[in-house]
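Close look at the chain arrangement
Chain by chain, the residues run as shown.
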Amino acid sequence: MQEKDIYSELSSIRNLMERSTKFISLSGLSGIMAGVYALAGAFLGYKTVYGGYNTLSYRSNYINEPQILWQLSLIAALVLVLSLVTGIWLTIRQARKKGEKFWNPVSKRLLVNMAVPLFTGGFFILILILRGDYAIVASASLIFYGLALIAGSHYTLSDVKWLGFCEIILGLVAALLPGYGIVFWTIGFGILHILYGSIMHFKYKQ
Amino acid sequence: MKISLESFDKAFENRLRLQIMSVLVANDYYDFNALKELLNATDGNLASHLKALEKEEYITVNKSFIGRKPNTQYAASAKGIHAFKKHLEALENLIKQQKR
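No experiment lies behind these values; they were computed from the predicted model shown. (Residues numbered from 1 in each chain as written. Chains lettered and ligands numbered in written order. Predicted model: local features only at pLDDT ≥ 70, side-chain atom pairs only at ≥ 80, totals over all residues.)

This paragraph deals with the overall build of chain B. Scanning chain B from N- to C-terminus turns up four helices and three strands. Counting from the amino terminus, chain B carries its helices and strands in the arrangement α-β-α-α-β-β-α. Counting all 100 residues of chain B, 26% fall into the buried class. For chain B, the proportion of contacts with a sequence separation of at least 24, taken over those separated by at least 6, is 56%. (Helix = DSSP H or I, 4+ residues; strand = E, 2+ residues; numbered from the N terminus. Buried ≥ 20, exposed ≤ 12 C-beta atoms within 10 Å, placed from the backbone. Contact = placed C-beta atoms within 7 Å.)

Here it is, written out as structure tokens:
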């Protein structure tokens, strides 16, 4: 056996072990787009609550008015759906480019592992809203999202784990400073996503 | 050059078999169709090599049904994992020897 053969054998083993346990077709671009949607959503949300025509006046609306609450929920849902659709579409495209199947055991495991903290957080936030505890909604969404990322990071590129830690830290700080929810939400879902997406995009040269 | 080949596992002489084993060692279990896609193998080829590994007791097979479709899951046995590690060590030693 030639030395070259052994090296290629070993690298093929390593490649297979990695490919069979990690879903690597996540697109950096989808992170950037999710960040952009979040920024746009935060801006719209801010406008809804604070009016924004006259910066010297007090906020023109409060979150606990049902109509405002509906508008904010609609914006949030729109951001979520847009991010998901873009993310899935770009991931399928990326997987096709790499010759990897989008729906395989690894992506299944990735989704299942993320779903547990994600749905727990989703219901928790829904309960918070129904009970009128708006102060820590932003904090809770950041923390649970961070936990979901860390849970999923075992099945994809490890960079996702660091994004998860950043989101959790941000969520905890947000819990300390209630009332600034939108600021932390914008940083966590907007700026961090764009930052992370750009890093991924250039690191893995897509 | 003289290289001791006894530590090489005959069961892993085939490339596909070694590849199957790598996937099963890295995962708790893997099903037939997923293996087929990942390794780009044909049904018959994959099945015959899985049979060979099963005969060596390097892997365990678990057949079940999802709805009406049969679903066969494979997992590496302790014996298989041990043999796989031994084989990798042998490859490593070979590289070390040749560097000398």
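Picking up after the structure, the text goes on.
A count of helical and extended segments in chain A gives seven helices and zero strands. Secondary structure elements of chain A occur, N-terminal to C-terminal, as α-α-α-α-α-α-α. Counting only C-alpha atoms, chain A reaches 80 × 30 × 25 Å along its principal axes. Burial statistics for chain A: of 206 residues in total, 33% are counted as buried. Considering only residue pairs separated by 6 or more positions, chain A has 71% of its internal contacts joining residues 24 or more positions apart.

This brings us to the environment of Ile 194 of chain A. Residue and element names in this part refer to chain A. Along the polypeptide, Ile 194 turns up in helix H7 (residues 181-203). On the basis of neighbour count, Ile 194 is assigned to the partly exposed category, with 18 C-beta atoms found within 10 Å. Counting along the chain gives 161 residues from Ile 194 to Met 33, while the straight-line C-alpha distance between them is 7.3 Å. When near neighbours in sequence (up to four residues on either side) are disregarded, Ile 194 contacts Ile 32, Gly 35 and Val 36.

Among soluble globular proteins, nonpolar side chains are generally buried collectively. Leu 142, Ala 148 and Phe 184 of chain A are the most contacted members of the largest nonpolar core, which has 36 residues in total. Put simply, the parts of the chain that give this core at least two residues each are helix H2 (28-50), helix H4 (105-131), helix H5 (137-153), helix H6 (159-176) and H7 of chain A. The element contributing the most residues to this core is H5 of chain A, with twelve residues. Non-local contacts of Ala 148 of chain A, meaning those with residues more than four positions away in its chain, are made with Met 114, Pro 117 and Leu 118 of chain A. Residues Met 21, Leu 38, Leu 50 and Tyr 58 of chain B belong to the second largest nonpolar core, which totals 21 residues. (Core = buried A, V, L, I, M, F, W, Y, C linked by C-beta atoms within 7 Å.)

Residues and elements named next belong to chain B. Sheet architecture is open: three strands sit in the order S1-S3-S2, paired in antiparallel fashion. The open sheet has two free edges, formed respectively by strand S1 (30-31) and strand S2 (59-66), since each of these has just one partner strand. Pairing analysis gives two bridges linking S1 to strand S3 (residues 69-76), with the strands arranged antiparallel. Note on S3: the bridge partner recorded for Tyr 30 is Tyr 74. (Pairing = 2+ DSSP bridges.)

In a regular helix each residue adds 1.5 Å, so 17 residues correspond to 24 Å; H5 of chain A covers 24 Å between its end C-alpha atoms and thus fits that length. Counting buried residues in H5 of chain A gives 17 out of 17 residues, a clear majority hidden from the surface. (Expected span 1.5 Å × (residues − 1).)

The subject of this paragraph is the interface of chain B and chain A. Taken together, the contact between chain B and chain A spans 14 residues of the former and 14 residues of the latter. Per element, the largest residue contribution to the side of chain B that touches chain A is five residues, and it comes from helix H1 (residues 15-26) of chain B. Residue composition of the side of chain B that touches chain A, grouped by class: nine nonpolar, four polar and one charged. (Nonpolar A, V, L, I, M, F, W, Y, C, P; charged D, E, K, R; others polar.)

The predicted model of chain B has a mean per-residue pLDDT of 86, with 92% of residues at 70 or higher. Per-element averaging of pLDDT across chain B places helix H4 (residues 78-99) of chain B at the bottom with 86 and helix H3 (residues 43-55) of chain B at the top with 93. (pLDDT = per-residue confidence, 0-100.)

Another point: the packing of H6 of chain A against H7 of chain A. Residues and elements named next belong to chain A. Running from amino to carboxyl end, H6 crosses H7 at an angle of 165°, the nearest separation of the two axes being 10 Å. In this view, H6 runs roughly antiparallel relative to H7, as classed from their interaxial angle. Crossing of H6 against H7: the hand is right-handed. Along its contact with H6, which presents Asp 159, Leu 163, Cys 166, Glu 167, Leu 170, Val 173 and Ala 174, the element H7 presents Gly 181, Phe 184, Ile 187, Gly 188, Leu 192, Tyr 196 and Met 200. Class assignment of the residues belonging to the contact of H6 with H7 gives a composition of ten nonpolar, two polar and two charged. (Axes fitted to C-alpha atoms, helices over the stretch in contact; angles between N-to-C directions. Parallel < 35°, antiparallel > 145°, perpendicular 65-115°, else oblique. Left-handed = near helix turned anticlockwise from the far one by under 90°.)

Here we take up the pairing of S2 of chain B. Sheet analysis places S2 of chain B next to S3 of chain B, joined by eight bridges and oriented antiparallel. Each bridged residue has a counterpart across the sheet, and for Phe 65 of chain B the counterpart in S3 of chain B is Pro 70 of chain B.

Residues and elements named next belong to chain B. Remark: H1 packs on helix H2 (residues 32-39), axes separated minimally by 11 Å, with the N-to-C direction vectors making an angle of 120°. Put simply, H1 runs oblique to H2. The hand of the H1/H2 crossing is right-handed. Listed contacts from H2 to Leu 16, Gln 19, Ile 20 and Val 23 of H1 are Leu 35, Leu 38 and Leu 39. Across the contact of H1 with H2, the residue classes break down as six nonpolar, one polar and no charged.

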